[in-house]
Amino acid sequence: MLTNSPFLLSGTRHGRAFEADATYQATGQAKPVVVFVHGFKGFKNWGHFPLLADFFAERGFVFVKLNLSHNGLVVGGTGDLEDLDAFGRNNFSIELDDIGQVIDALFTPGATPVPAAEMNLSRLSLVGHSRGGGLVLLKAAEDPRVHAVATWAGIADIDQRWPQSVLDEWQRAGVLHVPNLRTGQQLPLHYQILEDYVANRPRLDIPHNVRRRVRQPLLLVHGESDETVPLTAAHALQQLKPDAELLLVPGAGHMFGGAHPWPATTLPEPAQLVAEHTADFFQRQA
């Protein structure tokens with residue numbers, strides 16, 4: 001029997017509450033903990049992500065997934081992107097602080113509904129998808145409580161190297177819009193996200209931090225047919241940390257076979273392979 005326990009983070013660092021949940025088997029025995037971070041335009045219950053939580057819980061983990069506070073979802077809302085103002089005010093520093101707040105809560109007795117006896121926090125790992133993959137690398141670089149890391153279709157750099165003409169217009173207008181092909185929405189990105197990156201570059205420089213500061217065991221997973229984050233990103237990350245394990249999934253796209261909504265009761269085959277390999281990797285990091 002699996003237990004799924006939602007909990008709320010107060011958002012004290014930026015004033016915006018956000019949600020998380022933990023899935024586990026209540027056995028009274030301490031289990032490794034995995035914190036999952038979604039990517040750009042994603043959220044914790046996107047597509048097959050709840051099935052991933054069940055898979056890891058059945059394999060003996062406490063699996064925690066969160067909605068990053070400015071991902072466009074609203075506590076108690078529709079469950080999909082609806083607060084475009086918050087989406088536009090997001091930045092990488094906020095997202096790193098959100099992940100840190102979840103980790104802090106797990107280490108604070110009573111701050112989450114998961115009993116302390118169920119968690120082995122000396123084996124707390126992070127896994128991130130796409131942009132979330134970049135975030136978990138940066139969090140591992142700055143937080144020694146992280147025991148191991150895995151990226152799924154992870155980005156290798158935050159710097160998009162926008163053409164100067166795009167940067168000039170973005171700064172002039174104050175906002176750049178990107179389409180959400182799934183919903184038809186035009187999602188705003190306020191210029192502050194670039195200003196935040198420039199102001200906090202030592203913290204947000206993925207290549208520098210992976211090369212110099214990520215000491216934890218690292219698993220890099222990428223679909224060979226990824227249409228969003230090129231396969232070269234995985235190879236670039238492995239060059240930065242040569243002892244990282246690399247799993248290339250033949251024929252897999254960016255979402256490893258998943259879609260939203262996901263009405264099936266089983267994981268898509270590529271996601272199943274990724275989940276099995278990642279669980280084995282984390283279990284080996286005793």
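So, a few notes on the structure that sits alongside this text. Being a predicted model, the structure only gives us computed values, none of them experimental.

Between the first and last C-alpha of helix 10 (residues 269-284) there are 23 Å, a value that for 16 residues agrees with the 22 Å anticipated at 1.5 Å per step. Restricting attention to buried positions, one finds in helix 10 the residues Ala-271, Val-274, Ala-275, Thr-278, Ala-279, Phe-281 and Phe-282. The buried residues of helix 10 occupy an angular sector of 160° when projected down its axis, which confines them to one face.

On to the packing of aromatic side chains, then. For any pair of aromatic rings, the description consists of the separation of the ring centres together with the inter-plane angle of the planes. Following the criterion strictly, the structure yields 11 aromatic pairs and no others. For the pair Phe-36 and Phe-49, a centre-to-centre distance of 4.9 Å together with 70° between the ring planes defines the contact as edge-to-face. One end of the pair, Phe-36, is in strand 3 (residues 31-37); the other, Phe-49, is in helix 1 (residues 49-58), and 13 residues separate them in sequence. In terms of burial, Phe-36 and Phe-49 fall into one category: buried. Aromatic pair Phe-40 and Phe-87: ring centres 5.5 Å apart, planes at 45°, arrangement tilted. Of this pair, Phe-40 sits in the loop between strand 3 and helix 1 while Phe-87 sits in helix 2 (residues 84-88), and the two are 47 residues apart along the sequence.

All right, on to the nonpolar core then. Val-33, Phe-56, Val-64, Leu-106, Trp-152, Phe-256 and Phe-282 are the most contacted members of the largest nonpolar core, which totals 91 residues. If near-sequence neighbours (up to four positions away) are discounted, Phe-282 is found in contact with Val-34, Phe-56, Phe-61, Arg-123, Ser-125, Leu-126, Val-127, Ala-148, Val-149 and Ala-150.

Turning our eyes to something else, we now look at the sheet that holds strand 4 (residues 62-66). With mixed pairing, 8 strands are arranged side by side in an open sheet as 1-2-4-3-5-6-9-10. Each edge of the open sheet carries a strand with a single partner, namely strand 1 (2-9) and strand 10 (245-249). Within the sheet, the average angular offset between the axes of one strand and its neighbour, ignoring direction, is 20°. Sheet topology note: the strand 3/strand 4 ladder contains 5 bridges and is parallel. Counted as the bridge partner of Val-34 is Phe-63 from strand 4. Contacts from helix 1 reach strand 1, strand 2 (18-25), strand 3, strand 4 and strand 6 (148-152), with the element oriented near 35° to strand 2.

Calculation rules
Residues numbered from 1 in each chain as written. Predicted model: local features only at pLDDT ≥ 70, side-chain atom pairs only at ≥ 80, totals over all residues. Heavy atoms only, no water. Helix = DSSP H or I, 4+ residues; strand = E, 2+ residues; numbered from the N terminus. Expected span 1.5 Å × (residues − 1). Buried < 20%, exposed > 50% of the residue type's maximum accessible area, 1.4 Å probe, protein only. Arc of directions from axis to C-beta. Phe/Tyr/Trp six-rings, centres within 6.5 Å; stacked < 30°, edge-to-face > 60°. Core = buried A, V, L, I, M, F, W, Y, C linked by side-chain atoms within 4.5 Å. Contact = heavy atoms within 4.5 Å. Pairing = 2+ DSSP bridges. Axes fitted to C-alpha atoms, helices over the stretch in contact; angles between N-to-C directions.

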